[in-house]
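# Residue-level structural notes
Chain by chain, the residues run as shown.
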Amino acid sequence: MKKLVTILLFVLSLGICKAQQPDSLKIESVTPGKIANIIDIQDLAAEGYNYWEQKFKGHWSGIHFGLNGLANTDYNMYTEDQEGFLDINLQRSTLLDINLIQISQGVQRNRNTIGLITGVGLQVQTFHLDQNTSIEEGQNRIEPVQLIFDANQKSKLSSTYLTIPLLVEFQIPIKTYTNRLYLATGIVGQKRLTTHTKIKYRKNNQKEKLKIPDDFHMHNIRYSAMFRVGYRWINLFASYDFRPLFIEDKGPEMYPFSFGVTLISL
């Protein structure tokens, strides 16, 4: 019994002595440079998908449809009875943009939400005249022409343009990375390719049309301000021309404008 008690006391004394010894843990200060060597941010990004490394992509290419109008009209070079010969039916004056080539360039180093956009497109612009009138190119100016075939005839002025934009676009991610609200603004240069007037009518119950191609004293080059906005499947645009439709003193002063939606995004 005495031996057992002696052994227990000996073991207990060893435990107490060990507990009283100072902690041998060595504390070493680490400089920020060593931390940077230990943790590599690029390695962390490589383990997943870094969305910000995607290239910037703008919203220009696609098929867009809209309506045309004429603003700030002035017929001061015509007689009172001639005024309004180019009044249009806004609901039937259409615009079709086919933009197949787009070049996007981001301007940020570590983000892809701001960029520049250019490209090439084709535009078909049509003005449906509200009256039974057409126009012809006179020697000094555009002249109104009364061409009445029947009560239901349709008259229009159509032009085709080659378009080149220069836009800056801002994108704002909403909730998720891929859902972005975008705002784009800039200038679109346009080169007129063709222009013609067309009148559709009936004669002896047969459909007829009279098509006359000409320049009609219109500008060959024009510029317009462009504004585009969209979120997901809703994409809208509006534009306003800096130049009037006709060359100065060659026709009534009027500035084309347009607005519409994107039908197909590419």
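In what follows, the accompanying structure is described. A quick note: this is a predicted structure, and the numbers were derived from the prediction, not measured. For every chain, the first residue of its written sequence is number 1, and the numbers climb from 1 along that sequence. Given that the model is predicted, a residue must reach a pLDDT of at least 70 before its local features are reported, and side-chain atom pairs must reach 80 or more before they are shown or counted; all residues, however, enter totals for whole chains, interfaces and linings. Hydrogens and waters are ignored; side-chain quantities use all the structure's heavy atoms.

## Focus on the overall build of the protein chain
Scanning the protein chain for helices and strands turns up three helices and 11 strands. What you see in the protein chain, going N to C, is helices and strands ordered as α-α-α-β-β-β-β-β-β-β-β-β-β-β. Summarising the internal contacts of the protein chain: among those between residues at least 6 apart in sequence, 70% fall at separations of at least 24. Surface accessibility follows the Shrake-Rupley procedure with a 1.4 Å probe radius. Residue values consider only the protein chains on display as shielding. Here the protein chain displays about 17,500 Å² of accessible surface, and carbon together with sulfur accounts for 58% of that area. By definition, any uninterrupted DSSP run of H or I lasting at least four residues is a helix, any uninterrupted run of E lasting at least two residues is a strand, and each is numbered from the N terminus. Here, residues are in contact when the closest pair of their heavy atoms is within 4.5 Å.

## Observations regarding the layout of surface pockets
Both cavities and pockets are sets of points on a 1 Å grid over the protein atoms alone; in a cavity a 1.4 Å probe fits but cannot get out, in a pocket the set is open with protein on both sides within 12 Å along at least five of seven lines, and lining residues sit with an atom within 4 Å of a point. Grid points are joined across faces, edges and corners, and a volume is the space filled by probe spheres set on the points. Taken as a whole, the largest pocket holds about 440 Å³ of empty space. Looking at the largest pocket, it is lined by 22 residues, and the ones nearest its centre are Lys57, Gly58, His59, Gln171 and Thr178. When contributions to the lining of the largest pocket are tallied by element, the ones reaching two or more residues are β7 (176-203) and β11 (253-265). Tallying contributions element by element places β7 first for the lining of the largest pocket, with five residues. When residues are grouped by polarity, Ala, Val, Leu, Ile, Met, Phe, Trp, Tyr, Cys and Pro land in nonpolar, Asp, Glu, Lys and Arg in charged, and all others, Gly among them, in polar. Looking at the lining of the largest pocket, its residues break down into five nonpolar, 12 polar and five charged.

## Examining the pairing of strand β1 (residues 62-74)
Both β1 and β11 contribute to a ladder of 11 bridges, which runs antiparallel. Bridging from a neighbouring strand, Gly66 pairs with Gly260 of β11. Of the strand pairs in this sheet, β1 and strand β2 (residues 94-106) are connected by six bridges, and their pairing is antiparallel. Pairing of Phe65 across the sheet is with Leu96, part of β2. A pair of strands is labelled paired if DSSP reports no fewer than 2 bridges between them.

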